[in-house]
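As a plain string of letters, each chain reads:
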Amino acid sequence: MNTRLPVERRAQLLLRQMTLEEKFWQLYMAPGDPRADSTWKHGAFGLQLLSLREPTAKLGDAAATANAVQRWFIDSTRLGVPVILFEEGVHGLMQSHATIFPAAIGFAASWDTTAVRNVAATIAEQARMRGIRLLLAPVVNLARDPRWGRVEETYGEDSWLSAAMGAAFTGSLERNGVVATPKHFVANHGDGGRDSYPIALDRATLEDLHFPPFRASIDRGGARAIMASYNSVNGVPASASTQLLTRTLRGDWKFGGVVVSDQAGVGGANVLHHTAADYAEATAQSINAGLDVIFQSGAHDAALFWPAFRDGRIPRARVDTAVARVLSLKFTLGLF
């Protein structure tokens with residue numbers, strides 16, 4: 001709690017006090033409410049408050065609920081590590097009483113990065129006033145086939161335009177105190193526009209077309225999080241690709257933020273791609289490849305992923321590296 005110490009030092013001091021189970025939960029995010037579910041007793045990386053999306057939710061409920069949930073994590077977990085409240089925000093904060101802006105494809109047609117920058121600033125402001133500090137946005141995948149069902153979430157087919165728009169949106173969120181999470185890394189659709197199907201692309205195509213919007217969001221936009229995609233890339237699930245998550249992101253691009261999975265994306269290795277025998281193996285593959293945070297649909301799903309941590313398939317040093325990134329982000333955000 002000594003704010004005069006460097007963030008990295010504070011993170012290491014806290015890390016030394018944590019049990020393995022507490023470390024695991026700092027690498028887990030999902031919708032939920034700890035006030036109604038004691039499964040969260042060891043903490044969490046992040047929490048999504050779905051009740052605040054309901055039409056019956058009142059504007060004042062959002063801040064009050066966020067404060068109550070944050071207070072629960074501080075007072076009711078052993079070490080009092082705060083949680084990052086997160087939400088969707090591709091074209092507006094996905095909560096009741098928040099502004100809905102035109103879809104990204106509409107802004108792409110305008111070629112107006114200033115408008116995108118202003119919209120993102122308003123989304124960030126509406127998120128902050130509700131306690132939301134991380135948004136799962138923007139989508140910077142390329143729409144290379146109009147049959148893909150998520151074209152409207154993108155900035156279109158052109159890599160240069162998507163990079164410019166993504167950097168503008170990301171930078172505006174980050175400058176206004178909200179962590180941006182450009183997604184989905186990388187090439188999220190397959191032949192025929194089929195969503196999240198396996199893709200096979202040579203390195204030159206990835207470098208020329210699919211990487212630039214993500215790299216611009218990091219280098220020019222300052223993104224502090226990246227979301228891995230559901231699809232596989234050249235036979236390896238994107239959420240378990242050492243080539244993508246470690247060699248490219250960490251090595252080539254020097255990305256220092258956190259890498260999160262898409263919701264239920266880690267289990268795709270065993271239920272979709274068949275590159276892992278079960279959830280434990282899929283977990284070990286992902287975390288060892290460079291994924292930091294597992295995103296699921298609820299607290300009780302954690303039981304699928306915990307065994308890979310408990311039985312040592314993930315080296316403790318790798319766990320500590322991921323947790324240190326998480327804690328450093330929370331210190332930087334001022335949540336403590």
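Position numbers for residues count from 1 along each chain, tracking the sequence in the order it is written. Thresholds applied to this predicted model are a pLDDT of at least 70 for local features of residues and 80 or more for the giving and counting of side-chain atom pairs; totals over whole chains, interfaces and linings are not thresholded and use all residues. Calculation of side-chain values draws on the structure's entire complement of heavy atoms; hydrogens and water are dropped beforehand.

1. Focus on the packing of helix H6 (residues 159–175) against helix H8 (residues 212–219)
So, point 1. Closest axis-to-axis distance for the H6/H8 pair is 8 Å, and the angle between their directions is 30 degrees. When the interaxial angle is binned, H6 and H8 end up roughly parallel. The hand of the H6/H8 crossing is right-handed. On H8, the residues that touch Ser 159, Ser 162, Ala 163, Gly 166, Ala 167 and Thr 170 of H6 are Pro 212, Pro 213, Ala 216 and Ser 217.
So, point 2. Only Asp, Glu, Lys and Arg are considered charged in this grouping, and only Ala, Val, Leu, Ile, Met, Phe, Trp, Tyr, Cys and Pro are considered nonpolar; every other residue, Gly among them, is considered polar. Split into classes, the residues belonging to the contact of H6 with H8 amount to five nonpolar, five polar and no charged. Between N-to-C directions, angles cover 0 to 180 degrees, with each direction set by a line fitted to C-alpha atoms, over the stretch in contact for helices. Helix numbering and strand numbering both begin at the N terminus, where a helix is a DSSP run of H or I of at least 4 residues and a strand a DSSP run of E of at least 2. Under this scheme an angle from 65 to 115 degrees is roughly perpendicular, one under 35 degrees roughly parallel, and one over 145 degrees roughly antiparallel; angles in between are oblique. By definition, any crossing whose near helix is turned counterclockwise from its far helix by less than a right angle is left-handed, and any crossing with a clockwise turn is right-handed. We call two residues in contact whenever any of their non-hydrogen atoms come within 4.5 Å of each other.

2. Some points on helix H11 (residues 279–289)
So, point 1. Taken as a whole, H11 has its buried residues at Ala 280, Ala 282, Thr 283, Ala 284, Ser 286, Ile 287 and Ala 289.
So, point 2. In this structure, the buried side of H11 is in contact with helix H9 (242–252), helix H10 (268–271), strand E10 (294–295), helix H12 (306–310) and helix H13 (316–332).
So, point 3. Measuring from the backbone nitrogen of Ala 280 back to the side-chain oxygen at the start of H11 gives 3.3 Å, which picks out Asp 278 as the cap.
So, point 4. Positioned one or two residues after H11, Gly 290 has a phi angle of 130 degrees, which is positive. For every residue, the accessible area (1.4 Å probe, protein chains only) is compared with the maximum for its type, and the residue is labelled buried under 20%, exposed over 50%, or partly exposed between those bounds. Definition of a polar contact: a pair of N or O atoms within 3.5 Å, with one able to donate and the other able to accept a hydrogen when the atoms are protein atoms, and with sequence-neighbouring residues admitted only if both atoms are side-chain atoms.

3. Topic: the pairing of strand E3 (residues 84–88)
So, point 1. Taken across its five residues, E3 has four buried, putting it largely inside the fold.
So, point 2. Any two strands between which DSSP finds at least two bridges are classified as paired. The sheet contact formed by strand E2 (residues 46–48) and E3 spans two bridges and is parallel. When the bridges of E3 are listed, Leu 47 appears paired with Leu 85.
So, point 3. Handedness of the crossover joining E2 and E3 through helix H3 (residues 59–76): right-handed.
So, point 4. Taken together, the three bridges between E3 and strand E4 (residues 134–136) define a ladder with parallel strand orientation. Its bridge partner lying in E4, Phe 86 is registered against Leu 134. Look down the strands so they point away from you; if going from the first strand over the helix to the second traces a clockwise path, that crossover is right-handed.

4. Description of the packing of helix H5 (residues 113–128) against H6
So, point 1. The geometry of H5 relative to H6 is characterised by a closest axis approach of 8 Å and an angle of 30 degrees between their N-to-C directions. The two elements H5 and H6 meet at a crossing, and its hand is right-handed. Two secondary-structure elements touch here, H5 through Thr 113, Val 116, Arg 117, Ala 120, Ala 121, Ile 123 and Ala 124 and H6 through Ala 164, Met 165, Ala 168, Phe 169, Ser 172, Leu 173 and Arg 175.
So, point 2. For the contact of H5 with H6, the class distribution of residues is 10 nonpolar, two polar and two charged.

5. A few points about the sheet that holds strand E1 (residues 28–31)
So, point 1. The strand order across the open sheet built from six strands is E5-E4-E3-E2-E1-E10, with neighbouring strands paired in parallel fashion. In this open sheet, the two edge strands, each paired with only one partner strand, are strand E5 (179–180) and E10.
So, point 2. With three bridges joining them, E1 and E2 adopt parallel strand pairing. Considered in E2, the bridge of Met 29 is made with Gly 46.

6. Section: empty space enclosed by the protein
So, point 1. Cavities and pockets were defined on a 1 Å grid built from protein atoms only: a cavity is a group of points that admits a 1.4 Å probe but offers it no way out, a pocket is an open group of points flanked by protein on both sides within 12 Å along at least five of seven lines, and a lining residue is one with an atom within 4 Å of any such point. Grid points are joined across faces, edges and corners, and a volume is the space filled by probe spheres set on the points. In the structure shown here, the tally under the stated rule is two cavities of 30 Å³ or more.
So, point 2. In this model, the largest cavity occupies a volume close to 80 Å³.
So, point 3. Met 18, Glu 22, Gln 26, Lys 41, His 42, Gly 43, Thr 77, Arg 78, Leu 79, Gly 80 and Val 81 together form the lining of the largest cavity.
So, point 4. The space that makes up the second largest cavity amounts to roughly 60 Å³.
So, point 5. Counting residues per element, the ones that place at least two in the lining of the second largest cavity are helix H4 (104–110) and H5.
So, point 6. Taken together, the residues that form the lining of the second largest cavity break down as nine nonpolar, one polar and no charged.

7. Considerations on the environment of Thr 205
So, point 1. Take Thr 205: it is sitting in helix H7 (residues 203–210).
So, point 2. Residues Thr 205 and Thr 321, 116 residues apart in the sequence, show an inter-C-alpha distance of 31 Å.

8. Overview of the environment of Ser 297
So, point 1. Relative to the helices and strands, Ser 297 is located in the loop between E10 and H12.
So, point 2. Since its relative accessible area comes to 49%, Ser 297 is described here as partly exposed.
So, point 3. Residues Ser 297 and Ile 314 lie 17 residues apart in sequence; the distance between their C-alpha atoms is 23 Å.
So, point 4. There is a polar contact of 2.9 Å between the side chain of Ser 297 and the side chain of Asp 301.

9. Concerning the layout of surface pockets
So, point 1. For the largest pocket, the calculated volume is near 280 Å³.
So, point 2. Along the wall of the largest pocket there are 21 residues; nearest its centre are Glu 88, Gly 89, Val 90, His 91 and Met 94.
So, point 3. When its residues are assigned to classes, the lining of the largest pocket shows nine nonpolar, six polar and six charged.

10. Remarks on unusual backbone geometry
So, point 1. Cis geometry marks the peptide bond from Ala 137 to Pro 138; its omega dihedral reads 0 degrees.
So, point 2. Take Pro 138: it is sitting in the loop between E4 and H6.
So, point 3. The linkage connecting Lys 183 with the following residue, His 184, adopts the cis geometry, with an omega of 0 degrees.
So, point 4. If you trace the backbone, His 184 turns up in the loop between E5 and H7.
So, point 5. The phi torsion at Ala 187 lies on the positive side, around 55 degrees, for a residue other than glycine.

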